Amino acid sequence: MSKPKTALEKMAPRLQSWAQQEGPGRRTVLVRVASSSDPEEARTAFEEAGARVESSGKGVQSVIVTPESLLRIAELPWVIAVEEPRELFPLMQPPGGTC
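So, here is what we can say about the structure in this document. (Residues numbered from 1 in each chain as written. Predicted model: local features only at pLDDT ≥ 70, side-chain atom pairs only at ≥ 80, totals over all residues. Heavy atoms only, no water.)

Some thoughts on helix 3 (residues 67–74)
Working note: α-helix, 3.6 residues per turn, so residues spaced by three or four point in the same direction.
Point 1. Looking only at helix 3, the buried set comprises P67, S69, L70, I73 and A74. Buried residues of helix 3, seen end-on, are gathered within an arc of 165° and therefore sit on one face of the element.
Point 2. Its buried side turned inward, helix 3 meets helix 1 (13–19), strand 1 (27–33), helix 2 (39–48), strand 3 (60–65) and strand 4 (79–83). (Buried < 20%, exposed > 50% of the residue type's maximum accessible area, 1.4 Å probe, protein only. Helix = DSSP H or I, 4+ residues; strand = E, 2+ residues; numbered from the N terminus. Arc of directions from axis to C-beta. Contact = heavy atoms within 4.5 Å.)

Quick look at the pattern of salt bridges
Point 1. Tallied over the entire structure, the rule returns 6 salt bridges.
Point 2. A salt bridge links E84 to R27; the nearest nitrogen and oxygen atoms lie 3.1 Å apart. Here the residue E84 occupies a position in the segment after strand 4, and R27 occupies one in strand 1, the gap between them amounting to 57 residues.
Point 3. The class of R27 is partly exposed, set by a relative accessible area of 25%.
Point 4. Among the ionic pairs, R72 bridges to E68, the shortest N-O distance being 2.2 Å. One end of the pair is R72 and the other is E68, both in helix 3 and 4 residues apart, which spans about a single turn.
Point 5. Using a relative accessible area of 36% as the deciding quantity, one classes R72 as partly exposed. (Salt bridge = Lys/Arg side-chain N within 4 Å of Asp/Glu carboxyl O.)

This is the structure we're talking about:
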């Protein structure tokens with residue numbers, strides 16, 4: 001059996017350095033949670049850690065965090081990964097115009 005990941009190992013590389021900075025700051029992250037976790041219990045735990053949940057669903061939640069709350073959230077045993085939100089771009093522009 002593999003060793004459990006540390007809080008920093010669960011984070012995307014750019015989030016790792018941001019989480020270790022001093023001072024205020026906020027950003028939105030995607031928190032991937034174990035499929036067996038209850039979304040409402042996860043929401044409560046994230047809010048107790050000092051974060052604000054923007055959207056909640058089975059398996060992933062969009063959360064606004066500070067560096068401190070991000071570290072606390074990543075330490076939760078049922079958190080699998082913390083990622084930066086993805087920006088989607090169209091693969092092709094529609095004929096004769098922009099998106």
